[in-house]
Amino acid sequence: LLVVALDRFKESMAVPRDYVLVFFDDQEALYLNARHYPELASQYTLTALDPSDLHADNVASLLIRNDQELLLKEARRLLEIHPDGLLTNQAVAVLFNEDGAFDRALPHAEAIIRNLPEAITGYGLKGDALQGLHAFAEALVCYRMALRRASAKKQGEIYKQMGLAYQQLGQYQKSYEALTQGIKPFDGNTSYKDLYELGAAALHVGRHQEAVLYLRLAANKVPPTDVEWYHRLKAL
């Protein structure tokens, strides 16, 4: 067996060639010599979960690159051994939220909050799950908790989610104010869907010139293949 700290996970000399990853928590990864223990390696090698990607807060891209069924199977195996793991609970919660299984995401978000109450991660994931369950007021409570713990870089996404929740509650002025803090309309990376939400929010509060500007910016970004969104923007 070989134990490697996660901050050394990507170092080429950290793990000998014959060793395979069989377990990890939030600090260390455990490797097994596959040449010496081929049956154990065959049974327990992790192929979908990559702790270095999870450590880099890149869970969404990890889900895209991997078989989600296999990822969930491996994550559940790790959670049976270490149910309080931040990285594994985070991966499962993101997976369920992305899949629309919001009720199944909640326990994993709550496990993170319970064990790491000062971390932003659990509150954001719980807020997303509650918003998916149409519990918008409760979601806003979680987003406010996340906002208190967020770096300036992460606050934008939280404000955006808060804006969408306020919109569903019919609190359009608060929705507009949150979305303007969360969405940068002139940033080249801002999506046409975000610009649509910003334009709709501006329209709701009577800022018509702003609304037209944001919607035109959005229309210019819609790919030709996305006919549905093009017509949605034109209609608004």
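Rules behind the numbers
- Residues numbered from 1 in each chain as written.
- Predicted model: local features only at pLDDT ≥ 70, side-chain atom pairs only at ≥ 80, totals over all residues.
- Heavy atoms only, no water.
- Helix = DSSP H or I, 4+ residues; strand = E, 2+ residues; numbered from the N terminus.
- Buried < 20%, exposed > 50% of the residue type's maximum accessible area, 1.4 Å probe, protein only.
- Polar contact = N/O pair within 3.5 Å; in protein donor to acceptor, adjacent residues only side chain to side chain.
- pLDDT = per-residue confidence, 0-100.
- Core = buried A, V, L, I, M, F, W, Y, C linked by side-chain atoms within 4.5 Å.
- Contact = heavy atoms within 4.5 Å.
- Pairing = 2+ DSSP bridges.
- Axes fitted to C-alpha atoms, helices over the stretch in contact; angles between N-to-C directions.
- Expected span 1.5 Å × (residues − 1).
- Arc of directions from axis to C-beta.

(A) Fine view of the environment of Val94. Within the secondary structure layout, Val94 lies in helix H5 (residues 86-99). Judged by relative accessible area, which is 13%, Val94 ranks as buried. The sequence separation of Val94 and Ala202 amounts to 108 residues, and the corresponding C-alpha distance is 30 Å.

(B) Spotlight on the environment of Gln43. Within the secondary structure layout, Gln43 lies in helix H1 (residues 38-44). A sequence separation of 21 residues divides Gln43 from Val22, and the C-alpha atoms of the two residues are 9.0 Å apart. Within the local environment of Gln43, its side chain forms a polar contact with the side chain of Tyr44, the two groups lying 3.3 Å apart.

(C) Highlighting the confidence of the model for the chain. With 91% of its residues at a pLDDT of 70 or more, the chain has an overall mean of 90. Mean pLDDT across the secondary structure elements of the chain bottoms out at helix H3 (residues 59-65), with 63, and peaks at helix H10 (residues 172-182), with 98.

(D) Representation of the nonpolar core within the structure. Core analysis: the largest hydrophobic core is formed by 45 residues, its most contacted members being Phe24, Leu49, Phe96, Ile158 and Met162. Elements that contribute at least two residues to this core include exactly strand S2 (19-24), strand S3 (28-33), helix H4 (68-81), H5, helix H6 (102-115), helix H7 (120-132), helix H8 (136-149) and helix H9 (152-168). Here this core takes seven residues from H8, the largest share from any one element. Discounting chain neighbours no more than four positions away, the residues touching Phe96 are Leu72, Arg76, Ala101, Phe102, Arg104, Ala105 and His108.

(E) Geometry of the sheet that holds S3. In spatial order, the strands read S1-S3-S2; together these three strands make up an open sheet with antiparallel pairing. In this open sheet, the two strands that pair with only one neighbour each are strand S1 (2-5) and S2. Within the sheet, the average angular offset between the axes of one strand and its neighbour, ignoring direction, is 35°.

(F) Structural detail: H8. For H8, built from 14 residues, the straight-helix expectation of 20 Å at 1.5 Å per residue is met to within 8% by its first-to-last C-alpha distance of 20 Å. Taken together, the buried positions of H8 are occupied by Phe136, Ala139, Leu140, Cys142, Tyr143, Ala146 and Leu147. In an axial view of H8, the angular spread of the buried residues amounts to 165°, which keeps them on one side of the axis.

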